[in-house]
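Notes for the structure review
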Amino acid sequence: KLKGNEEQVIEAQSKKKVNLKWIFLTIAVIVLAAVVGTVVYTSSPAYRANEKLKLAEKYLEDMDYEQAIANYKLALEIDPNNQKVIASIESHLEEFYQQARVYAEMGEYTSEKELAAFMMRVSDNNILARLADAEANCGIGEVDKAREQFEEMIDSGSDHKEIINVIDDNLDRFYRQARDYRSQGEYTLEKQLALFMIKADANNVRGKIADAEADC
């Protein structure tokens, strides 16, 4: 009877050891799966893009627009269709536009154009992005292209007084270009530009002068 009890004890201990082995094995598998899952997730485009998004928003808080935009661009390169990144950029378009106008005031039209291109990458029909691009074109000497862009925005029925404000800020450039056309004998182009100036501001004296000169 004693021998039988010993055998039962040994058998119970053996089963306990087997059970412990399975428990440890199960735990090891779970831990390994968690580690692999974490590695896979942190290597995914969505995760890496969201990390760049966090940096971009942090730089925005510090008003470091160049670094913010650089990180937004990296996020889009990693995951072009990441809706969190796109939504974040769209929510800050007004800020980006104000920075673009700062670039214009400083005469940094290349920086303004790059910022406008970034804005249009996310929202190509956004009026502020198109305005920044048109103003940048005006600043770098592509006045005719800028005029076409402004006219397109006006003709599209965009009810945005900022269009007129930006045009008013650049009337000197349009007038100088009209005078250049006149000196080159390009009266048709001078007339087109004059009519555009008047269309933007019916009381604009320089537009009326350019128009009168083109008719001579």
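This is a predicted model, so every value here is computed, not measured.

1. Details of the packing of aromatic side chains
- Counted by the stated rule, this structure contains six aromatic pairs.
- Judged by centre distance (6.1 Å) and plane angle (80°), the ring pair of Phe 150 and Phe 174 falls under edge-to-face. Of the two residues, Phe 150 is situated in helix α8 (residues 143-155) and Phe 174 in helix α10 (residues 171-183); the sequence distance between them amounts to 24 residues.
- With relative accessibility at 0%, the residue Phe 174 sits in the buried group.
- With centroids separated by 6.4 Å and ring planes inclined at 20°, the aromatic side chains of Phe 150 and Phe 196 adopt a geometry described as stacked. Of this pair, Phe 150 sits in helix α8 while Phe 196 sits in helix α11 (residues 187-200), placing them 46 residues apart in sequence.
- Classification of Phe 196 as buried rests on a relative accessible area of 0%.
- Following the ring pairs from residue to residue traces out a cluster consisting of Tyr 72, Phe 96 and Phe 118.

2. Brief notes about helix α6 (residues 109-122)
- With 14 residues, α6 ought to run about 20 Å at 1.5 Å a step, and its terminal C-alpha atoms sit 20 Å apart, in line with that.
- Within α6 the residues assigned to the buried category are Tyr 109, Glu 112, Leu 115, Ala 116, Phe 118, Met 119 and Val 122.
- Where α6 is buried, its residues contact α3 (65-78), α4 (83-91), α5 (93-105), α7 (127-139) and α10.

3. Focus on the pattern of salt bridges
- Counted under the stated rule, the structure contains 14 salt bridges.
- Of the charged contacts, one joins Lys 58 and Asp 62 as a salt bridge, the two residues approaching to 2.9 Å between their closest N and O atoms.
- Judged by relative accessible area, Lys 58 falls into the partly exposed class, the value being 43%.
- Residue classification places Asp 62 among the partly exposed residues on the basis of a relative accessible area of 46%.
- Measuring nitrogen to oxygen at the nearest pair gives 4.0 Å for the salt bridge that ties Asp 144 to Arg 147.

4. A short note on the nonpolar core
- Ranked by internal contacts, the top residues of the largest apolar core, which has 48 residues, are Tyr 72, Ile 89, Phe 96, Met 119, Phe 150 and Phe 174.
- With seven residues, the single largest contributor to this core is α7.
- Once you skip the residues sitting within four places of it in the chain, Phe 150 turns out to touch Leu 131, Ala 134, Glu 135, Ile 163, Val 166, Ile 167, Phe 174 and Phe 196.

5. Some words on α7
- Compared with an ideal rise of 1.5 Å per residue, which puts 13 residues at 18 Å, α7 spans 18 Å between its outermost C-alpha atoms and is within 8% of the ideal.
- Along α7, 12 of the 13 residues are buried, which leaves the element largely enclosed by surrounding structure.
- For α7, every residue scored as buried is listed here: Ile 127, Leu 128, Ala 129, Arg 130, Leu 131, Ala 132, Asp 133, Ala 134, Glu 135, Ala 136, Asn 137 and Cys 138.
- Once α7 finishes, Gly 141 follows within two positions and takes phi at roughly 100°, a positive value.

Rules of the game
- Residues numbered from 1 in each chain as written.
- Predicted model: local features only at pLDDT ≥ 70, side-chain atom pairs only at ≥ 80, totals over all residues.
- Heavy atoms only, no water.
- Phe/Tyr/Trp six-rings, centres within 6.5 Å; stacked < 30°, edge-to-face > 60°.
- Helix = DSSP H or I, 4+ residues; strand = E, 2+ residues; numbered from the N terminus.
- Buried < 20%, exposed > 50% of the residue type's maximum accessible area, 1.4 Å probe, protein only.
- Expected span 1.5 Å × (residues − 1).
- Contact = heavy atoms within 4.5 Å.
- Salt bridge = Lys/Arg side-chain N within 4 Å of Asp/Glu carboxyl O.
- Core = buried A, V, L, I, M, F, W, Y, C linked by side-chain atoms within 4.5 Å.

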